[in-house]
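# Commentary on secondary and tertiary structure
Each chain is listed here by its residues.
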Amino acid sequence: MALSFCGNDTTTAYNVDDGVLNNGCFVDALNLVPHVFLLFITFPILFIGGAPRIHSTHAPLTTPQCRMPQDSRNGWGSQSSKVQIHHNTWLHFPGHSFRWILTFILLFVLVCEIAEGMVSDRKMNTRHLHLFMPATMGFIAATTSIVYYHNIETSNFPKLLLALFIYWVLAFITKSIKLVKYCDHGVNMSQLRFCITLMLVFLYGSLMAVEINVIIFRKYVFFNNPKKVKPPEDLQDLGVRFLQPFVNLLSKATYWWMNTLIISAHKRPIDLKTIGKLPIATRALTNYMLLKEAYEEQKKNECLPEGRPLSIWRSMYRAYGRPILLSSTFRYLADLLGFAGPLCIYKIVDHLSKTPNSNSTVNGTINIMEEAVFAENQSDKVKFLGVYFLSSKEFLENAYVLAVLLFLALILQRTFLQASYYVAIETGINLRGALLAMIYNKILCLSTSNMSMGEMTLGQINNLVAIETNQLMWFLFLCPNLWAMPVQIIMGVILLYYMLGISALIGASVIALLAPLQYFIATKLADAQKSTLDYSTERLKNTNEILKGIKLLKLYAWEHIFCNNVEKTRMQELTSLKSFALYTSLSMFMNAAIPIAAVLVTFVAYTHFNSSDLSSAVAFASLSLFNILVTPLFLLSTVVRFTVKALVSEQKLNEFLTSDEISNDGFRSGETSLNVETCKKHSGVHTKAFHRRQALKGQLEGYEQPQRRYIQSRETEDVLVKVTNGSFSWGSGVVTLSDISIRIPTGQLTMIVGQVGCGKSSLLLATLGEMLKVSGNVHWSKEPENEVNQETSWSAHEIEPVLEATGRTRNSVAYSAQKPWLLNTTVEENITFGSPFIKQRYKAVIDACSLQPDIDLLPFGDQTEIGERGINLSGGQRQRISVARALYQDTSTVFLDDPFSALDIHLSDHLMQEGILKFLREDKRTIALVTHKLQYLTHADWIIAMKDGTIIREGTLKDFQHHDVELYEQWKTLMNRQDQEFEKETEGESQTILERKTLRRAMYSREAKAQMDDEDEEEDEEDDEEDNMSTVMRLRTKMPWRAFWRYLTSGGFLLLFLLIISKLLKHSVMVAIDFWLAKWTSVHMSQPPSDKAEQNCYKMWYSILCSVGIMLCLITSLTVEWMGLTAAKNLHRNLLNKIILAPVRFFDSTPLGQILNRFSADTNIIDQHIPPTLESLTRSIFLCLSAIGVLSYVTPIFLVALLPFGVAFYFIQKYFRVASKDLQELDDSTQLPLLCHFSETAEGLTTIRAFRHESRFKQRMLELTDANNIAYLFLSAANRWLEVRTDYLGAYIVLTAALASIMYSSYYSLSSGLVGFGLTYALTVCNYLNWVVRNLADLEVQMGAVKKVNSFLNIESENYEGTMDPSQVPEDWPQQGEIKIQDLCVRYDPSLKPVLKHVKAYITPGQKVGICGRTGSGKSSLSLAFFRMVDIFEGKIVIDGIDISKLPLHTLRSRLSIILQDPVLFSGSIRFNLDPECKCTDDRLWEALEIAQLKNMVKSLPGGLNAMVTEGGENFSVGQRQLFSLARAFVRKSSILIMDEATASIDMATESILQKVVMTAFADRTVVTIAHRVHTILTADLVIVMKRGNILEYDKPESLLAHEGGIFASFVKADM
């Protein structure tokens, strides 16, 4: 067949006698002209590079930092503004998206035209190139046009639009001529080519209109002065890296702009800096405005009936209705396109089953020839202009056409589906940001009584932030499913009915009947999860107690008892986890088994009711339809559950948002509502309302505040605050303060005194406006102008001068609350609290509060983080930091609420002198000080005395002396008593020194570890630098196979084997079921209608295979969960045992939070998250592999197409996994600071409001919310990036499989059943490819938990075994209590220096020994050496003739007693605390309590010995706890008792009890006392004085005292 443009089959082909335009071939040739013109014009510009710098790319790769070219002078009409922007993403021209949509439709229609031309050409005798060649050129030109347009737009050369304009005009004219000629020759709508031409005329016309619109609207091309355009504000900000809203449509649909980020993740980890800021439209503040506006509008528009609250639903609908509608539209389109798969399979298989087959290629060719001749005869009646015209029906009956249409439908369906997901997720994130801002705003307005009266607990607020907002966000994610699913189900059932008749309804009813069961399982699953959570909370509480009291447990050899307690709770948790696993596996089983059952029932019913045989086309099309139907039916239960949860969450949020707010009456500023007016109509990116250089926060926060009432200056007589006839309440209706009339003079020191609980703190809070005012007035006087805007001057960067105009009612007050409130940040930031850092001032404040010694102990000085995420400080240290904050602030007013309560006398004096009298008073600041330390009254300028919520009197000390003699005398008596206390306090080390000692101990071992870590890190860094980048990349892309293997083997090899075998069997049977169906349905094609018996045989085997498949589904789902449970059980048990047996230094050097994390977050991941991920991963992998196997079997040529697929898939998963892991970690790490900020704010409300720092905290909250949201948004975009790519790969597989099947069935005898079998499997690849990668990425992150647990499983345990057998140790050892210390050397770790050096001592039985020395002299190390808690590397300790290093540890420690400095009690009964081993009788326990003088107190408790002790013994005082420790030591009846600074943290009275007991009850035992106050060991038989690990003095106390120059004598002297 010779190639020719117009064909060679007739002589008239090139005849133009009737006019050129009446020759169809010439009209087609004319249509080539515009396309050739465009290619001729644009190619030089695009590829050779004309005047403008243009990149020819389909979709832009963003270059974040490019400067726009300033080219307006060259007459090309570039009109960019002089700003730095992401130029490749700036979409200038109007109608941009419309143009892309039209171009996509144009490309699709041109593909149809090419296909139609080719099919028509096949029906001619010779080749007619004019039927498809112009369309092919049109396709190339359309593609070039969009590339060309994109480059003009991003490079900003609108003059070049002229070429496009001419092209559209020419194309429109030539196509119109063609259409007119068709009409002249009687071609009409029944011919496909006519319809295509008509559509092309419309499309070219529309594109021409778009071009004209751009030219006229922007005055481009033909105009001299083009319109100036400013790029969106986001693109001017180089920090904005999230470009989805700004890129072109193709890049939007395929997430092409994400390539840069995902590929760069390989080279360096993604951090917050990499992902930049959120675009304005997605920021929390913008969305808060949007939601708030909708909320406020509701108030205005609707007169709500009484008692009916405002609805958040309505506000959500108003604010986010449009994006939800858009997402739902995308979803509907995707679901409808989803049905193209089954329908195309039906048509292809049906067509191939009717096409005659033959075995040989030669015959095949002959058949095709015969077909062509037959077609020619058939088609005579549709010949116009000398060529064939196809009808649409004929066109759609071509198998190749169907294959291409199926491919395009899949591409579109997946694109729409991902777009729907993306829009829904972005809307959900926006809503969450808005809700968080609303909640935070509300927290700042909450009345203090709400918090203090327990109406609103911290837990509730945390739940609102962490749970309720997330529930509403998830509801929005799933929202489109709610209305798309019913439509999908109805459509599916209709199509099935059309194919299978009544039997389809029977099959669908199987699914429908089992759906409620699925819902029931889902609710049971939720219940099981809840009970698991309760048990795990209990287990964590027990674990936490063990870790906090680990030292005591080891010293008493009780670790195994407590370990068993945890194991007991763990067993209950595992029982709950078992039911969780069971329901999970049932849920998985239902998902897998229901489609098999439904298909089985349907086909059996079909063969029963229908006389005709089941055809392959019907069978495999309905199989695909069932696969589509199952998803919505199962998801429906989840969506319903989430909807119910969202309704509950909305209710809780509503209750919170309508709860009481702080009263706003003249002395209280309303600086808490973000003003809506400023941001009216603020939609998306149109940000004219914003001033760029000012922070958004500053502008958008206009504060509506009542006009203040100042006191006239003559009336005030320099009074800062004046309260007249005030009564105040905490909101419960009870008046707390009544008849209050006071004044606080300006620039003076006012002291407020009175008994505990008389309302002193409440008085301060009442003046700050925190209490509910029942009656009376509070006036704040106006202060000097220069001080009014202090806060503004400090934080001008975040609060613009907006605040100046707000007429505030009082200035910022530096307030230090009674209970110190600190932020989870560095010490320095806690003190400066948002003020600028001034070195001299900072140093002065640190000195005044004696904080320098404490700061010196911290590992990073004042840059050490404190609080939840850092170091825990003692009460006194926290109090001093809180006071330092108040001192540091540059405010004229300072309120200190009992700043001395947690400080010892020395510090109190220092703070009073240096801090208050010197630092504050000399600055002429107004000070209000609440205190119990009456000795400071002499310094007060003004005193307010209170009693029972009222004021007794106010005035100077002289006024009291003259007018209230009785009260004055009372004060004098108390002052004397406090002075005596002062003298007592001076003895020994003060409380502060103890606090520092505790801190030093915590730091000591941690520092050693940090030092070692640092050294390791430095070495690592050096290695890294030497290594090249490829190693780093390789490490980042490597799967943690070792951790994975550890996890699998923890489940046991038997289960692992069972899992692999059952999985392989299940998927083999699944393939066998469908293969048998292909065989069964093909049988009637190859031979005459089969007999009943043969049909029944096929049916029987099909039923058997299905039943086996269903059974295997159950077995595999149970095996996975069972294996996961076993692994979780073993890993936790090993972890607990390792931790319990670890040496004490491990606990000193590892932060408690880190150990607890292994037992909480990591264990939770291993328990609940890994098994379902593992199941999903294995299922997806096996499904994809079986699909590829089936396709390779059906059409071996498919293996050729597999190579490019494999390469693409490998790179996609490789890049995605790394980026996804980083983004998941970012999302997790940005969540915690946000939650902490909310709970911190709720705890420190009064302080924040007193300081007037609401706006600063709001700003911080917005930053934290945005940081978390951007991480989540990028994670979501990365998931879409992956899914679009894997879905397109899936579509590619379907296309190659379809084309290969059609070719094979044309040339080889391939049964139609096998074609249907192959295509059905190809469609499943589409659904499961992305799950393979997603699950792989999730598993990689989850394996991190196994890795962390694993790292703890490698720590060294203490050596519990001794060289002696426990049976060789006498039952009553040690009987005498004789101790010989011989040349003892001790260290904490082989890597550290020795703490005891060659110590020698001898203690006779029953002797009372005192050991003293300065901090760090080795006293405590010696006491620990008796218990082998430290490493004895030389010398020995012999007790009653036995070397303790030979004894098993448990035996040694269970025979000695110790009382520690910090008393530890555990939650449980008093009996359990005294005798956890349950060895003693009640009489023995009562005797011990009597000796410790606790008997009466315990008797008075409900339950006596069974009375409960709360966690940490919080329901007893420190002194009582220490006495319980004494009782505990007595119960043990050991002949040796060690007291390690046991009296350090208790008062004098308790100390004297202790001393007395030791002398009497322990008279016959050997007692070694580590002394804290030297006078406690003056009565000892022997005193040992230590220094730097050596013994300096060793004698009786009398002898040592006689030696005046000795160290002991000097200690005693200092103590006196």
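Residues numbered from 1 in each chain as written. Predicted model: local features only at pLDDT ≥ 70, side-chain atom pairs only at ≥ 80, totals over all residues. Heavy atoms only, no water.

## Things to note about the overall build of the protein
Heads up, the condition is: Secondary structure counts use DSSP, requiring at least four H or I residues in a row for a helix and at least two E residues in a row for a strand, with both numbered from the N terminus. Only protein chains enter the area calculation, which uses a 1.4 Å probe; residues under 20% of their type maximum are buried, those over 50% are exposed, and those in between are partly exposed. Pairs of residues are marked as contacts when any of their non-hydrogen atoms sit within 4.5 Å. In these tables, accessible area is a Shrake-Rupley quantity obtained with a 1.4 Å probe, and a residue counts as shielded only by the protein chains included in the view.
Looking only at helices and strands, the protein features 54 helices and 25 strands. Scored against the burial criterion, the 1616 residues of the protein give a buried share of 57%. For the protein, restricting intrachain contacts to residue pairs at least 6 apart in sequence, the fraction spanning at least 24 positions comes to 82%. Here the protein displays about 67500 Å² of accessible surface, and carbon together with sulfur accounts for 59% of that area.

## Describing the packing of aromatic side chains
Threshold: Ring pairs shown here join Phe, Tyr and Trp side chains whose ring centres sit within 6.5 Å, with only the six-membered ring taken for Trp; geometry is labelled stacked below 30 degrees between planes, edge-to-face above 60, and tilted in between. Note on geometry: a ring has a charge over it if NZ (lysine) or CZ (arginine) is within 6 Å of the ring centre and within 35 degrees of the ring normal.
Scanning all chains against the criterion turns up 42 aromatic pairs. Taking the centre distance of 5.0 Å and the plane angle of 45° together, the rings of Tyr167 and Trp168 count as tilted. Across the ring face of Phe389, the terminal group of Arg193 is positioned such that the distance to the ring centre comes to 4.3 Å. Across the ring face of Phe1433, the terminal group of Arg1387 is positioned such that the distance to the ring centre comes to 4.1 Å.

## Side note on the packing of helix α3 (residues 96–122) against helix α6 (residues 192–218)
Selection rule: Lines fitted to C-alpha atoms define the axes here, with helix axes fitted over just the stretch in contact, and angles between the N-to-C directions of these axes take values from 0 to 180 degrees. Roughly parallel here means an angle under 35 degrees, roughly antiparallel means over 145, roughly perpendicular means 65 to 115, and every remaining angle is called oblique. Left-handed is the label given to a crossing in which the near helix is rotated counterclockwise from the far helix by less than a right angle, and right-handed is the label when the rotation is clockwise. Gly falls in the polar group here, along with every residue not listed as nonpolar (Ala, Val, Leu, Ile, Met, Phe, Trp, Tyr, Cys, Pro) or charged (Asp, Glu, Lys, Arg).
Axis separation between α3 and α6 bottoms out at 10 Å; the angle between their running directions is 155°. With respect to α6, the axis of α3 lies roughly antiparallel. Note that α3 runs across α6; the crossing there is left-handed. Of the residues in α6, those touching α3 at Phe98, Arg99, Leu102, Thr103, Ile105, Leu106, Val109, Leu110, Cys112, Glu113, Glu116 and Ser120 are Leu192, Arg193, Ile196, Met199, Leu200, Leu203, Tyr204, Ser206, Leu207, Val210, Glu211 and Val214. Counted by class, the contact of α3 with α6 contains 16 nonpolar, 3 polar and 5 charged residues.

## Some remarks on the side chain of Thr864
As a reminder, the rule being used: Under the rule applied, a polar contact is a pair of N or O atoms within 3.5 Å (in protein, one hydrogen donor and one hydrogen acceptor; residues adjacent in sequence only if both atoms are side-chain atoms).
Considering the arrangement of structural elements, one finds Thr864 in the loop between α30 (852–857) and α31 (875–888). One polar contact links the side chain of Thr864 to the main-chain carbonyl oxygen of Gly861, over a distance of 2.7 Å.

## Re helix α19 (residues 502–548)
Applicable threshold: What a helix should span is 1.5 Å times the count of its residues minus one. Bend, at a single residue, is the angle you get between axes fitted to the 7 residues ending at that residue and the 7 residues starting at it.
Look at α19: 69 Å from first C-alpha to last across 47 residues, which is about the 69 Å you get at 1.5 Å a residue. By the largest-angle criterion, Ala515 marks the main kink of α19, which is about 30°, and a proline, Pro516, follows within four residues.

## What to know about the sheet that holds strand β8 (residues 772–780)
Think of a sheet as strands paired side by side through backbone hydrogen bonds, with each pair either parallel or antiparallel. We count it as follows: Pairing between strands requires that DSSP locate at least two bridges from one strand to the other.
On the basis of which strands lie adjacent, the open sheet formed by 3 strands has the order β6-β5-β8 and antiparallel pairing. Lying at the two open borders of the sheet, with one neighbouring strand each, are β6 (735–745) and β8. Neighbour-to-neighbour, the strand axes of the sheet open up by a mean angle of 5°, direction not taken into account. Bridge analysis of strand β5 (residues 719–729) against β8 gives 7 bridges, and the strand direction is antiparallel. Each bridged residue has a counterpart across the sheet, and for Val723 the counterpart in β8 is Val778.

## Quick word on the sheet that holds strand β18 (residues 1442–1443)
The strand order β15-β14-β17-β18 describes an open sheet built from 4 strands, whose pairing is antiparallel. Strands with a single pairing partner mark the edges of an open sheet, and in this sheet they are β15 (1394–1403) and β18. Of the pairings in the sheet, the one linking strand β14 (residues 1379–1387) to strand β17 (residues 1431–1439) comprises 7 bridges and is antiparallel in character. Considered in β17, the bridge of Val1386 is made with Ile1432.

## Here's the deal with the state of the cysteines
Disulfides are covalent bonds that connect the sulfur atoms of two cysteines. This is how the line gets drawn: The term disulfide is used for any two cysteine sulfur atoms that are within 2.5 Å.
Applying the stated rule across the entire model yields 1 disulfide. The disulfide partner of Cys6 is Cys25, and the gap between their sulfur atoms is 1.7 Å. One disulfide, between Cys6 and Cys25, carries an S-S torsion of -80° and so falls in the left-handed class. Here Cys6 is found in the segment before α1 (24–30), whereas its partner Cys25 is found in helix α1, with 19 residues between them in sequence. Note on accessibility: Cys6 and Cys25 belong to one class, buried.

## Section: the confidence of the model for the protein
Do not read the fine detail of predicted coordinates wherever pLDDT is low. This is how the line gets drawn: Residue-level confidence of the predictor is what pLDDT reports, using numbers from 0 through 100.
Looking at the protein as a whole, the pLDDT averages 79, with 83% of positions reaching at least 70. The lowest-confidence element of the protein is helix α27 (residues 790–794), averaging 35 in pLDDT; the highest-confidence one is helix α16 (residues 399–445), averaging 92. Note that pLDDT drops below 50 for residues 1004–1027; the model gives that stretch 15 contacts with residues more than four away or on any other chain.

## Observations regarding the pairing of strand β11 (residues 926–930)
Burial analysis of β11 places 5 of its 5 residues in the buried class, which makes it a mostly covered element. The two faces of β11 match: Thr926, Ala928 and Val930 on one face and Ile927 and Leu929 on the other face are all buried. The pairing of strand β10 (residues 893–897) with β11 spans 5 bridges and is parallel. Within β11, the residue paired with Phe895 across the bridge is Ala928.

## Section: unusual backbone geometry
One can expect most non-glycine residues to show negative phi and most peptide bonds to be in trans. In this model, Ala557 sits at a positive phi of 60°, which is unusual for a non-glycine residue. Looking at where Ala557 falls in the secondary structure, it is placed in the loop between α20 (550–555) and α21 (559–609). Judged by relative accessible area, Ala557 falls into the buried class, the value being 5%. In this model, Asp948 sits at a positive phi of 50°, which is unusual for a non-glycine residue. For Asp948, the location among the structural elements is in the loop between β12 (942–947) and β13 (950–955).

## A word on a positive patch on the surface
Put simply, the rule is: Patches were defined on residues exceeding 30% relative accessible area and lacking a salt bridge, with like-charge contacts within 9 Å and nonpolar side-chain contacts (Val, Leu, Ile, Met, Phe, Trp, Tyr) within 5 Å. Salt bridge, as used here: a side-chain nitrogen of Lys or Arg that lies within 4 Å of a carboxyl oxygen of Asp or Glu. The convention is simple: Lys and Arg are positive, Asp and Glu are negative, and His and the chain ends are not counted. Where a charge sits is defined by one atom per residue type, namely NZ (Lys), CZ (Arg), CG (Asp) or CD (Glu).
Taken together, the side chains of Lys1393, Lys1397, Arg1414, Lys1587 and Arg1588 make up a positively charged region of the molecular surface. Turning to its location among the elements, Arg1588 is positioned in the loop between β24 (1582–1587) and β25 (1590–1595).

## Topic: the side chain of Asp1167
By the secondary structure assignment, Asp1167 is in helix α41 (residues 1152–1194). A polar atom in the side chain of Asp1167 sits 2.9 Å from the side chain of Arg570. Apart from residues no more than four positions distant in its own chain, Asp1167 is found in contact with Arg570, Glu573, Leu577 and Ala1128.

## Considerations on helix α25 (residues 760–767)
Counting buried positions along α25 yields 8 of 8 residues, so the element is predominantly enclosed. Of the positions making up α25, those classed as buried are Lys760, Ser761, Ser762, Leu763, Leu764, Leu765, Ala766 and Thr767. A positive backbone phi angle near 85° is found at Gly769, which sits one or two residues after α25.

## So, a nonpolar patch on the surface
Together, Leu162, Ile166, Ile212, Ile216, Phe222 and Phe223 make up an exposed nonpolar region whose accessible area comes to about 500 Å². Sorting the residues of the nonpolar patch by element identifies α5 (161–184) and α6 as the ones contributing at least two each. Examined against the element boundaries, Phe222 turns out to sit in the loop between α6 and α7 (233–236). With a relative accessible area of 53%, Phe222 lands in the exposed category.

## Let's talk about the pairing of β24
Across the 6 residues that make up β24, a large majority, 5, are buried. Here 4 bridges tie strand β16 (residues 1408–1412) to β24, and the two strands are oriented parallel to one another. Considered in β24, the bridge of Gly1410 is made with Val1583. Taking the residues between adjacent antiparallel strands as the criterion, β24 and β25 are bridged by 2 residues, where Arg1588 takes a positive phi near 50°.

## Some thoughts on the packing of helix α11 (residues 284–301) against α16
Interaxial distance between α11 and α16 falls to 8 Å at its minimum, and their mutual angle equals 75°. Compared by their axis directions, α11 and α16 come out roughly perpendicular. Along the contact surface, α11 presents Ala284, Asn287, Tyr288, Leu291 and Tyr295, while α16 presents Asn430, Leu431, Gly433, Ala434, Leu435, Ala437, Met438 and Asn441.

## A closer look at the environment of Asp941
Relative to the helices and strands, Asp941 resides in the loop between β11 and β12. When the C-alpha atoms of Asp941 and Gly747 are compared, they prove to be 9.7 Å apart, with 194 residues separating the residues in sequence. In terms of polar contacts, Asp941 uses its side chain to reach the backbone amide nitrogen of Leu749, at 2.7 Å. A distance of 2.6 Å separates a polar atom in the side chain of Asp941 from a polar atom in the side chain of Arg921.

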